[in-house]
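Results of the structural survey
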Amino acid sequence: NLINEILQLKLSAENENVKLVNLTLEFYSPENVSLDVYIDKNNNGELNPVDVKIGEVTSGRDTMVISLDYTLNQGADENMLFVYNLDGNSAIGENSIKLNSLVGTGIASGSLISFLGLPIESNMMTILNEKTCLGNLDLALEPNPVFSGTKIIASINGLTGCNNKK
């Protein structure tokens, strides 16, 4: 399976610890997708073993509410990371998400807390046809060395599956 980090969001709680309850996402995808939500513990924008999974949806399509399980500590900035899980059979086309809401509950106050700055849209991820022209490229120029003003012939070898592409 392939993973693709599609959105990173910085979170902070100012006056109290906040229990993250749920978020609402819109999916723009040619088929159902699998998406995981993590706290990016090393804040590098990439999924790593140290990151903490706090939510998931395995058949995301249209608009979905995802339950979360994480407490955001007062005064600590954390990054939330949204990760697509892809397999070799993922549909060709454009994929993106739009985070419409993020809801939490104040631990001390019990108050419902909404986060500012939403909605926010992810980058577009495009799944293309499978690559067929693969291998180690070997480029030969004739004459070698090349001189200005002379006819140059370039030969490419070492690729397979190109089906006479030029």
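Note that this is a predicted model, so its numbers are computed, not measured.

A cluster of nonpolar side chains, namely Leu-137, Leu-139, Leu-141, Val-146, Ile-152, Ile-156 and Leu-159, defines an oily patch on the protein surface of about 600 Å² accessible area. Elements with a minimum of two residues in the nonpolar patch: β11 (134–142) and β12 (153–160). Considering every element that reaches the nonpolar patch, the biggest residue donor is β11, with three residues. Inspection of the secondary structure assignment puts Leu-141 in strand β11. Looking at Leu-141, the relative accessible area reads 34%, which means it is partly exposed.

Right, let's get into the environment of Ile-156. Along the chain, Ile-156 falls in strand β12. Residues Ile-156 and Lys-10 lie 146 residues apart in sequence; the distance between their C-alpha atoms is 47 Å. Those residues within four positions of Ile-156 in sequence are excluded, and the remaining contacts are Leu-137, Asp-138 and Leu-139.

Along the chain, Gly-161 turns up in the segment after β12. For Gly-161, a relative accessible area of 37% corresponds to the partly exposed category. With 28 residues separating them in the primary sequence, Gly-161 and Cys-133 have C-alpha atoms 4.7 Å apart. If we skip the residues at most four places from it in the chain, Gly-161 touches Thr-132 and Cys-133.

One finds Leu-23, Leu-35, Met-80 and Phe-82 to be the most contacted residues of the largest nonpolar core, which totals 30 residues. Those elements giving two or more residues to this core turn out to be β1 (2–11), β2 (18–28), β3 (33–39), β4 (52–60), β5 (63–72), β6 (78–86), β7 (93–106) and β10 (125–127). The leading source of residues in this core is β2, at five residues. Apart from residues lying up to four places away in sequence, Leu-23 is in contact with Val-37, Met-64, Val-65, Ile-66, Leu-68, Met-80, Phe-82, Leu-99, Ser-101 and Leu-102.

Procedures and definitions
- Residues numbered from 1 in each chain as written.
- Predicted model: local features only at pLDDT ≥ 70, side-chain atom pairs only at ≥ 80, totals over all residues.
- Heavy atoms only, no water.
- Patch = residues over 30% accessible without salt bridge, like charges linked within 9 Å, V, L, I, M, F, W, Y side chains within 5 Å.
- Areas by Shrake-Rupley, 256 points an atom, 1.4 Å probe, with all protein chains shown as cover.
- Salt bridge = Lys/Arg side-chain N within 4 Å of Asp/Glu carboxyl O.
- Helix = DSSP H or I, 4+ residues; strand = E, 2+ residues; numbered from the N terminus.
- Buried < 20%, exposed > 50% of the residue type's maximum accessible area, 1.4 Å probe, protein only.
- Contact = heavy atoms within 4.5 Å.
- Core = buried A, V, L, I, M, F, W, Y, C linked by side-chain atoms within 4.5 Å.

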